[in-house]
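Overview (structure and organization)
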Amino acid sequence: MTAPALLDIQQVSKRFVKPLNLGERISAWLGAQAAAQTVRAVTGVSLSVRKGEVVGLVGESGCGKSTLGRMASGIYTPSDGQVLFDGSPVARQQGRRTVKQTTRVQMVHQDPFSSLNPRMRVGDTVGEGPVTHGLVPAREADAYVARWLDRVGLDSGLRRRFPHQFSGGQRQRIAIARALAMQPDLLVLDEPVASLDVSIQAQVLNLFMDLRRDLNLTAIFISHDLGVVRHVSDRVVIMYLGRIVEVAPTPALYAAPKHPYTRALFDSVPRVGVGRQGFVPIAGEIPSPLAPPPGCHFHPRCAMAGPRCSREAPELLPVGAVGEGRLAACHLHTGGTD
Ligand code: SF4
């Protein structure tokens, strides 16, 4: 039987208003047309994550994956729609503040150096949240922290050191320990290995897979790298310019992607031993989310585009065999592009 959804993202959108810069404000003051612009970071996205599942969220920079991750972890409230964790909203808006409603969702950020307080000893960084939230009594915090540092492969004897005294890979282990020490039910990892050397990336990915197996983790793993996501995810979600364009179980996606953007992403990855002909960069630049193209957002870069693609936005619909769990948003699967 399929496990019920732990996280249920329902038709969420997130818009940010880009205020006028100084030059634009002066122009407006002198009578020129100038108005604040709206960035549509995420538009109408629905996604659920089951207990024990790891979902990989992939796309180019600016596609909205980090914004979606921040809504999933309660750091942002959606402009529209809602994010439910175990049936309750994960965050609520209080005036201009977003109030995170649960500690059961924790986030690991891309850059551990900026996400760790440089003036706090790492033991205090890892132990502060669990003590504050009553997960462990203050008198037991030191031993609790030592256990978590050991669990992520760090020498717990180093817990009185500061973040700058560790390497990048060690800092990311500290960030993972800090998140896990909160005993979360869901982890959101935002490009957790992108800032690390390739050899260190492999170590941190292996650590994640060990933790996943031992702790039965549920996670959203955000990455721009299809190679990274393949090894850690049960299911992969591909985003383009604020929308989901394809969802598939990991083996099915890597065997036969259904969306032209996913295929273009695969083709754009250089492969060892294939030479320069072995990869084809995706044509053109990703358009600005300030003014996304009409219809299918991918149409200006899509080799398969037809007239319908610039008129009509494709819906995310089931594709492939019944029960396979595959979705794609492309007119090629619903009557063609004419
Ligand atoms: Fe390409 Fe059209 Fe499909 Fe969009 S809807 S991916 S433009 S074929």
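Summing up its helical and strand segments, the protein has eleven helices and 14 strands in all. Taken over C-alpha atoms, the radius of gyration comes to 22 Å for the protein, in line with the 20 Å a tight globule of 338 residues would show. Seen along its three principal axes, the alpha-carbon backbone of the protein occupies a region of about 70 × 60 × 45 Å. Split into buried and exposed, the 338 residues of the protein put 45% on the buried side. Expressed as a percentage of contacts within the protein between residues at least 6 apart in sequence, the contacts between residues at least 24 apart total 65%.

A word on the site of the ligand. Neighbouring residues of the ligand: 13 residues in total, closest Cys 296, Cys 302, Cys 309, Cys 330 and His 331. For the shell around the ligand, a count of residues per class yields nine nonpolar, four polar and no charged.

Applying the stated criterion across every chain, the model contains six aromatic pairs. Where Tyr 240 meets Tyr 261, the ring centres are 4.6 Å apart and the plane angle is 55 degrees; that geometry is what we call tilted. Linking Tyr 240 in strand 11 (residues 235–240) with Tyr 261 in helix 10 (residues 260–267), this pair joins segments that are 21 residues apart in sequence. Judged by centre distance (5.2 Å) and plane angle (80 degrees), the rings of Tyr 254 and Phe 266 are edge-to-face. One end of the pair, Tyr 254, is in helix 9 (residues 250–255); the other, Phe 266, is in helix 10, with twelve residues separating them in the sequence. With a relative accessible area of 14%, Tyr 254 lands in the buried category. Ring pairs connect the aromatic residues Tyr 240, Tyr 261 and Phe 298, which therefore count as one cluster.

With that settled, consider the side chain of Arg 308. The topology assignment puts Arg 308 in helix 11 (residues 307–311). By relative accessible area, Arg 308 is classed as buried at 13%.

Take helix 6 (residues 168–180) next. For an α-helix, 3.6 residues make a turn, and residues three or four places apart therefore share a direction. With 13 residues, helix 6 extends 18 Å from end C-alpha to end C-alpha; this agrees with the ideal 18 Å at 1.5 Å per step. For helix 6, a buried count of ten out of 13 residues is recorded, marking the element as mostly surrounded by other parts of the structure. Listed as buried for helix 6 are Gly 169, Arg 171, Gln 172, Arg 173, Ile 174, Ala 175, Ile 176, Ala 177, Ala 179 and Leu 180. The inward-facing, buried residues of helix 6 contact strand 8 (105–108), helix 3 (112–115), helix 4 (122–132), helix 5 (141–151), strand 9 (186–190) and helix 7 (198–215).

Moving on to the pattern of salt bridges. Under the criterion given, the structure shown has 15 salt bridges. For Glu 53, the salt bridge is made with Arg 235, and the minimal N-O distance between the two is 2.6 Å. Of this pair, Glu 53 sits in the loop between strand 2 (37–50) and strand 3 (54–58) while Arg 235 is found in strand 11, placing the two residues 182 residues apart along the sequence. Judged on exposure class, the residue Glu 53 and its partner Arg 235 are both buried. Taking the shortest distance from any N to any O, the salt bridge between Asp 234 and Arg 212 comes out at 2.6 Å. Taken as a pair, Asp 234 in the loop between helix 8 (226–232) and strand 11 and Arg 212 in helix 7 lie far apart in primary sequence, 22 residues in all. A residue is classified by how much of its surface remains accessible, and Asp 234, at 31% relative accessible area, is partly exposed. The network of salt bridges with common partners includes Arg 151, Asp 210, Arg 213 and Asp 214.

Turning our eyes to something else, we now look at the nonpolar core. Of all hydrophobic cores here, the largest spans 54 residues; its most connected members are Ile 176, Leu 187, Phe 208, Phe 221, Ile 238, Tyr 261 and Phe 298. For this core, the leading source of residues is helix 6, giving six residues. Residue assignment places this core across two domains, with domain 1 (5–257) and domain 2 (258–338) each supplying three or more. Not counting chain neighbours up to four residues away, the residues in contact with Phe 221 comprise Val 54, Val 55, Gly 56, Leu 57, Leu 189, Pro 192, Leu 205, Phe 208, Val 228, Val 229 and Val 232. Membership of the second largest hydrophobic core comes to 28 residues, among which are Leu 6, Leu 7, Phe 85 and Met 107.

Running from N to C, helix 4 and helix 5 cross one another at 115 degrees; their axes reach a closest spacing of 9 Å. Crossing handedness for the pair helix 4 and helix 5: right-handed. Across the interface between the two elements, Gly 123, Val 126, Gly 127, Pro 130 and Val 131 from helix 4 touch Ala 141, Tyr 144, Val 145 and Leu 149 from helix 5. When its residues are assigned to classes, the contact of helix 4 with helix 5 shows seven nonpolar, two polar and no charged.

Turning our attention to the domain arrangement of the protein. With domains assigned, the protein is organised as domain 1 (5–257) and domain 2 (258–338). Taken over C-alpha atoms, the centre of domain 1 sits 26 Å from the centre of domain 2. Counting residues at the interface gives 26 residues for domain 1, matched by 27 residues for domain 2. Interface area, domain 1 with domain 2, both sides summed: about 2400 Å², of which 64% is carbon and sulfur. Summed over the three residues of domain 1 that lose the most area to domain 2, namely Tyr 240, Leu 241 and Pro 257, the buried surface amounts to 28% of that side. Our enumeration of links across domain 1 and domain 2 arrives at two salt bridges. Arg 301 is paired through a salt bridge with Glu 60; the nearest N and O atoms lie 3.2 Å apart. Our enumeration of links across domain 1 and domain 2 arrives at 15 residue pairs in polar contact (both at pLDDT 80 or more). Elements represented by at least two residues in the side of domain 1 that touches domain 2 include exactly strand 2, strand 11, strand 12 (243–249) and helix 9. If one sorts the elements of the side of domain 1 that touches domain 2 by residue count, strand 12 sits on top with seven residues. The class makeup of the residues in the side of domain 1 that touches domain 2 is 17 nonpolar, four polar and five charged.

Cut-off values and rules
Residues numbered from 1 in each chain as written. Predicted model: local features only at pLDDT ≥ 70, side-chain atom pairs only at ≥ 80, totals over all residues. Heavy atoms only, no water. Helix = DSSP H or I, 4+ residues; strand = E, 2+ residues; numbered from the N terminus. Rg over C-alpha atoms; globule rule 2.2 N^0.38 Å. Buried < 20%, exposed > 50% of the residue type's maximum accessible area, 1.4 Å probe, protein only. Contact = heavy atoms within 4.5 Å. Near = heavy atom within 4 Å. Nonpolar A, V, L, I, M, F, W, Y, C, P; charged D, E, K, R; others polar. Phe/Tyr/Trp six-rings, centres within 6.5 Å; stacked < 30°, edge-to-face > 60°. Expected span 1.5 Å × (residues − 1). Salt bridge = Lys/Arg side-chain N within 4 Å of Asp/Glu carboxyl O. Core = buried A, V, L, I, M, F, W, Y, C linked by side-chain atoms within 4.5 Å. Domains from an automatic or database assignment. Axes fitted to C-alpha atoms, helices over the stretch in contact; angles between N-to-C directions. Left-handed = near helix turned anticlockwise from the far one by under 90°. Buried area = accessible area lost by both parts, 1.4 Å probe. Polar contact = N/O pair within 3.5 Å; in protein donor to acceptor, adjacent residues only side chain to side chain.

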